Amino acid sequence: MSDKVRVRFAPSPTGGLHLGGVRTILFNYLFAKKHQGKFILRIEDTDQTRFVEGAEDYILECLKWCNMLPDEGPHIGGPFEPYRQSERKPSYKKYAEQLVAQGNAYYAFDTSEELEAMRENRKTEGNSSSQYDYSIRMQMKNSLTLSKEQVDALLNSGKPYVIRIKMPENETISFKDMIRGEVTFQTSLSDDKVLLKADGMPTYHLAVVVDDYLMQITHAFRGEEWLPSAPVHLLLWKYLGWESSMPQWAHLPLILKPDGNGKLSKRDGDRLGFPVYAMNWYDAKTGETTIGFRERGFLPEAFINILAMLGWNSGTDQEIFSMEELIQQFSMERVNHAGAKFDYEKAKWFNQQYIAHTSNEKLLPLVQTSLKEKGIYRTDEWVLTFIQLMKERVVLLTDFVEKGGYFFDIQHYDLDQIKKRWNEEKKVLLQKLVNLFEHASFVSADLEQLTKDFMTVENVKPGDILPLLRLSLAGTMQGPAVFDMMQLLGKEDTMHRFHKSIAFFDTTIS
Ligand code: GLU
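Residues numbered from 1 in each chain as written. Predicted model: local features only at pLDDT ≥ 70, side-chain atom pairs only at ≥ 80, totals over all residues. Heavy atoms only, no water.

(A) Structural context of the overall build of the protein chain. When helices and strands are tallied, the protein chain shows 20 helices and 13 strands. Its C-alpha atoms give the protein chain a radius of gyration of 32 Å, more than 25% over the compact-globule value 24 Å for 510 residues. Taking the principal axes of the C-alpha coordinates as reference, the protein chain spans close to 110 × 50 × 35 Å. Per-residue burial over the protein chain gives 51% buried out of 510 residues. In the protein chain, 71% of the contacts between residues at least 6 apart in sequence involve partners at least 24 apart. In the form shown here, the protein chain has an accessible surface area of approximately 24,000 Å², with 49% of it arising from carbon and sulfur atoms. (Helix = DSSP H or I, 4+ residues; strand = E, 2+ residues; numbered from the N terminus. Rg over C-alpha atoms; globule rule 2.2 N^0.38 Å. Buried < 20%, exposed > 50% of the residue type's maximum accessible area, 1.4 Å probe, protein only. Contact = heavy atoms within 4.5 Å. Areas by Shrake-Rupley, 256 points an atom, 1.4 Å probe, with all protein chains shown as cover.)

Quick look at the structure:
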């Protein structure tokens, strides 16, 4: 492959970024890096009715979080500026006009009422299609049915019009998809898509072709949902005389819901209790915030690994891949064309693996943030030890503070466990041991030795005293080694907990 590879991620800034969108970014990014090419971000914002404030910044923030920064884009510029389609508005019209002049497109003056009436009529007549297509265009108000004079008069009068592609009636066209191989279409099945809208803005179909050409895009990877648009794009490449520059396309498989069939939607995530967006998305219209993978407690490296495995495989048993490994091993040929089912449990497994293998220092700022969000302030040194004790026990970053809540406060007592173990004799035993701690140095190994010696002297087994020690320190049977916890909590907090717990057990459990 030449070093001229140029790929693009071309989102419409309309809302939160679905994990399928991030996977599209990832596959573009991996391909670009593998071939020492360029990864371009282009904002496709020509549909002003769908534009959402803040969505572009959100996309950039996602790219930063995932560490997949574009080489060119609206925020950094590049040789093909501008990278926002709304700012390129004047550059599209001439191509639409060229297509009209060539006879591959036409002006259409139909009002929305006329279009509505056409659809209604076709429905009542029992037509299977109510599209504006080859079968109806000659009955509509457009430059194919009006005289040249009428068309000129309408254009001069300022009457709103659109430019539509004239889809050939009965042609078979095809292209070679990098994942699917040869894909064939019947042109008569596509409608005469609008290319230029009444406000002078291009539609996605025209803009994507013009910009992929002008920006010298060599490979275009996008979701499978764009496959039905491919015939229109193919014809535009051909009609504009750019066929030899057409990028190689790959239509990425859908990410499917875990239960049943169909594309994974945000609603599935809400229903099944997992994130679908990369990061939290706040919808100003509804006032609702949709949870993202980042805020749910996923590490970006894990998130990337999860996405890579949704549709791609290396052909080996390896499941954990660093970005570097992915760059080296990625190839479009190993992307499946069948949809990939999303499995949240597996996603969590990846995250768990990443947390366990990430250095405490790297986790520190993340854990400090989630502690501070809960109003908990501890020194970095303290948190580093806390991370060390907890990292094998958590699945999500948020678990540090959620599952490790007993480090900050005894949140609840597992009374069933306590009841099984508590009696007058045990109370005396625990009290004796606690009294010894009063004079001990709070170093894990010393505390452990002291406890072992105590058990020998008292002739008791670990099972007689250690569970109680843990329950009175943390309220639960879970958690890291009890002496490590005592060391981290320090003498004052530990002793306070023991006294409080013994008094509580004594009054609550009879
Ligand atoms: N703007 C399209 C989208 O929002 C991009 C499709 C493409 O990559 O061609 O997904």
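(B) Molecular detail of the packing of helix H17 (residues 424–437) against helix H19 (residues 462–474). Taken N-terminus to C-terminus, the directions of H17 and H19 make an angle of 70 degrees; their axes are 10 Å apart at the nearest point. What the angle tells us is that H17 and H19 run roughly perpendicular. Regarding H17 and H19, the two cross each other, and that crossing is right-handed. On H19, the residues that touch Lys426, Leu429, Leu430, Leu433 and Phe437 of H17 are Asp464, Ile465, Leu468, Leu469 and Ser472. Looking at the contact of H17 with H19 residue by residue, the classes come out as 7 nonpolar, 1 polar and 2 charged. (Axes fitted to C-alpha atoms, helices over the stretch in contact; angles between N-to-C directions. Parallel < 35°, antiparallel > 145°, perpendicular 65-115°, else oblique. Left-handed = near helix turned anticlockwise from the far one by under 90°. Nonpolar A, V, L, I, M, F, W, Y, C, P; charged D, E, K, R; others polar.)

(C) Summary view of empty space enclosed by the protein. One pass over the full model with this rule turns up 1 cavity of 30 Å³ or more. By volume, the largest cavity is sized at about 40 Å³. As for the largest cavity, its lining consists of Arg8, Val208, Val209, Asp212, Ala220, Arg222, His233, Trp237 and Trp249. When contributions to the lining of the largest cavity are tallied by element, the ones reaching two or more residues are helix H6 (204–214), strand S8 (219–223) and helix H7 (230–239). Ranked by residues supplied to the lining of the largest cavity, first place goes to H6 with 3 residues. (1 Å grid on protein atoms, 1.4 Å probe; cavity = no way out; pocket = protein on both sides within 12 Å on 5 of 7 lines; lining within 4 Å. Points joined across faces, edges and corners; volume = space filled by probe spheres on them.)

(D) Local environment of the layout of surface pockets. Size it by volume and the largest pocket reaches roughly 1,200 Å³. Along the wall of the largest pocket there are 42 residues; nearest its centre are Ser12, Thr14, Arg50, Glu225 and Trp226. The set of elements that each furnish at least two residues to the lining of the largest pocket consists of strand S1 (6–9), helix H1 (19–34), H6 and S8. A per-element tally of the lining of the largest pocket places H1 first, with 4 residues. Tallied by class, the residues present in the lining of the largest pocket amount to 17 nonpolar, 13 polar and 12 charged.

(E) Fine view of the site of the ligand. The immediate surroundings of the ligand are formed by Arg8, Ala10, Ser12, Glu44, Tyr204, Val208, Arg222 and Trp226. A distance of 2.6 Å separates a nitrogen atom of the ligand from a polar side-chain atom of glutamate 44. In this structure, tryptophan 226 approaches the ligand through a side-chain N or O atom, which is 3.3 Å from an oxygen atom. For the ligand, the accessible surface in isolation is 300 Å², of which the surrounding protein chains cover 84%. Counting atoms within 2 Å of the grid points, the majority share of the ligand lands in the largest pocket. Grouping the amino acids of the shell around the ligand by side-chain chemistry returns 4 nonpolar, 1 polar and 3 charged. (Near = heavy atom within 4 Å. Polar contact = N/O pair within 3.5 Å; in protein donor to acceptor, adjacent residues only side chain to side chain. Sits in = over half its atoms within 2 Å of the grid points.)

(F) Quick peek at the sheet that holds strand S4 (residues 162–165). With respect to topology, 3 strands assemble into an open sheet ordered S3-S4-S7, the strand pairing being antiparallel. Sheet topology places strand S3 (105–108) and strand S7 (194–196) at the edges, where each strand pairs with a single neighbour. When strand polarity is set aside, the average angle formed by the axes of neighbouring strands in this sheet is 40 degrees. Pairing geometry for S4 and S7, over 2 bridges, is antiparallel. (Pairing = 2+ DSSP bridges.)

(G) Highlighting the environment of lysine 372. Within the secondary structure, lysine 372 is located in helix H13 (residues 360–373). Distance in space between the C-alpha atoms of lysine 372 and valine 401 is 9.9 Å, their sequence separation being 29 residues.

(H) Highlighting the packing of aromatic side chains. Overall, the coordinates contain 38 aromatic pairs when judged by the stated rule. Each residue in the set Trp65, Phe274, Phe293, Phe298, Phe303, Phe342 and Tyr344 is aromatic and connected to the rest through ring pairs, giving one cluster. Cation over ring: lysine 346 sits above tryptophan 349, and NZ or CZ is 4.6 Å from the ring centre. Over the aromatic face of tryptophan 382 sits the side chain of arginine 378, whose NZ or CZ is 5.1 Å from the ring centroid. (Phe/Tyr/Trp six-rings, centres within 6.5 Å; stacked < 30°, edge-to-face > 60°. Lys NZ or Arg CZ within 6 Å of the ring centre and 35° of its normal.)

(I) Focus on the nonpolar core. Leu19, Phe27, Phe303, Met332 and Phe342 are the most contacted members of the largest nonpolar core, which has 60 residues in total. Looking at this core, the elements that each hand over two or more residues are S1, H1, strand S2 (38–41), helix H2 (55–65), strand S9 (248–252), helix H10 (300–308), helix H11 (323–329) and helix H12 (344–357). With 9 residues, H1 is the single largest residue contributor to this core. Setting aside residues no more than four positions away along its own chain, leucine 19 makes contact with Ile255, Leu264, Pro275, Val276, Phe293, Phe303, Leu307, Leu310 and Phe342. If you look at the next biggest cluster of nonpolar residues, it comprises 54 residues, including Leu371, Ile410, Trp422 and Phe442. (Core = buried A, V, L, I, M, F, W, Y, C linked by side-chain atoms within 4.5 Å.)

(J) Representation of the pattern of salt bridges within the structure. For the structure on display, the rule yields 33 salt bridges. Note that glutamate 114 and lysine 141 form a salt bridge whose closest N and O atoms lie 3.3 Å from each other. Here the residue glutamate 114 occupies a position in helix H4 (residues 112–124), and lysine 141 occupies one in the loop between H4 and helix H5 (148–157), the gap between them amounting to 27 residues. The class for glutamate 114 is partly exposed, based on a relative accessible area of 29%. (Salt bridge = Lys/Arg side-chain N within 4 Å of Asp/Glu carboxyl O.)

(K) Broad picture of the environment of glycine 292. Along the chain, the position of glycine 292 falls in the loop between strand S12 (288–290) and helix H9 (293–296). Each C-alpha atom of the pair glycine 292 and proline 228 lies 30 Å from the other, and the pair is 64 residues apart in sequence. In this structure glycine 292 touches Pro275, Tyr277, Ala278, Met279 and Asn280, once residues within four positions along its chain are discounted.

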